[in-house]
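Single-letter residue listing:
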Amino acid sequence: MAGADGKDPWRVMDALWGAAAPPAERDTAGPVAFYGRCSTEDNQDPRTSRAWQFGVARRFVEPLGGRVVAEFFDLGQSRSVPWHRRAEAARLLELLKSPDRGWRGVVVGEGTRCWSDCRIRPRCWC
């Protein structure tokens, strides 16, 4: 993204601060995994909930060259349940250990659907 003068504003800021950004390893989001969650409280419809979360996630990554190649969606789980105790989230965490998983990032449709602990959210790409 270039500023009005045609320069990258972040590069200008890095020069002012004397910090150089590391070179990008990849210029696109590439293959990503989608994670979503729907509780059954308040009569949430799992199919509708999954569809809008998935849609938001796709609209986020596709302009960046990303594509969703794996999906993890927990039903009937509160956001307060730790990831390792949710079936699909636990499966996603296990696959994170594998370099052959087929995706290099995780995208969610709405962070508040996934985490209840605000200390976790800032570390995640959502």
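Scroll up a little and you will see the structure.
So, how was this worked out
- Residues numbered from 1 in each chain as written.
- Predicted model: local features only at pLDDT ≥ 70, side-chain atom pairs only at ≥ 80, totals over all residues.
- Heavy atoms only, no water.
- Helix = DSSP H or I, 4+ residues; strand = E, 2+ residues; numbered from the N terminus.
- Buried < 20%, exposed > 50% of the residue type's maximum accessible area, 1.4 Å probe, protein only.
- Contact = heavy atoms within 4.5 Å.
- Areas by Shrake-Rupley, 256 points an atom, 1.4 Å probe, with all protein chains shown as cover.
- Polar contact = N/O pair within 3.5 Å; in protein donor to acceptor, adjacent residues only side chain to side chain.
- Arc of directions from axis to C-beta.
- Core = buried A, V, L, I, M, F, W, Y, C linked by side-chain atoms within 4.5 Å.
- Phe/Tyr/Trp six-rings, centres within 6.5 Å; stacked < 30°, edge-to-face > 60°.

Enquirer: Could you give me a rundown of the overall build of the protein chain, with the residues and numbers involved?
Expert: In terms of helices and strands, the protein chain carries four helices and three strands. Counting every position in the protein chain, which comprises 126 residues, the buried fraction comes to 29%. Residue pairs in contact within the protein chain that sit at least 24 positions apart in sequence constitute 63% of those at least 6 positions apart. For the protein chain, the accessible surface area stands at approximately 8,600 Å², while carbon and sulfur atoms represent 54% of it.

Enquirer: Which residues make up the environment of Phe54, and what values do they have?
Expert: Among the structural elements, Phe54 can be located in helix 2 (residues 46-61). In this structure the C-alpha to C-alpha distance between Phe54 and Val107, which are 53 residues apart in sequence, comes to 9.1 Å.

Enquirer: Explain the environment of Arg101 residue by residue, including any values.
Expert: Relative to the assigned elements, Arg101 resides in the loop between helix 3 (87-96) and strand 3 (106-108). Judged by relative accessible area, which is 25%, Arg101 ranks as partly exposed. As for Arg101 and Ala70, which are separated by 31 residues in sequence, their C-alpha atoms are 9.3 Å apart. When sequence neighbours within four positions are dropped, the list of residues in contact with Arg101 reads Leu95 and Leu96. A distance of 3.0 Å separates the side chain of Arg101 from the backbone oxygen of Ser98, its partner in a polar contact.

Enquirer: Describe helix 3, with residues and values.
Expert: Those residues of helix 3 that fall on the buried side of the exposure criterion are Glu88, Ala89 and Leu92. Taken down its axis, helix 3 places every buried residue within 100 degrees of arc, on the same side. Tucked into the core, helix 3 has its buried residues touching strand 1 (31-38), strand 2 (67-75) and strand 3.

Enquirer: Let's hear about the nonpolar core: which residues, and what values?
Expert: Ala33, Tyr35, Ala70, Phe72, Trp83, Ala89, Leu92, Trp103 and Val108 form the largest nonpolar core, which has nine residues in total. Contributions of two or more residues to this core are made by strand 1, strand 2 and helix 3. The residues touching Phe72, leaving out its near neighbours within four places in the chain, are Ala33, Phe34, Tyr35, Gly36, Glu88, Arg91, Leu92, Leu95 and Trp103. Core analysis: the next-biggest nonpolar cluster, separate from the first, contains eight residues, Val32, Cys38, Ala57 and Val61 among them.

Enquirer: Give a detailed account of the packing of aromatic side chains, specifying residues and quantitative values.
Expert: The full count for this structure, using the stated rule, is four aromatic pairs. Where Tyr35 meets Trp83, the ring centres are 4.5 Å apart and the plane angle is 35 degrees; that geometry is what we call tilted. Placement of the pair is Tyr35 in strand 1 and Trp83 in the loop between strand 2 and helix 3, with a sequence separation of 48 residues. You can call Tyr35 buried: its relative accessible area is 0%.

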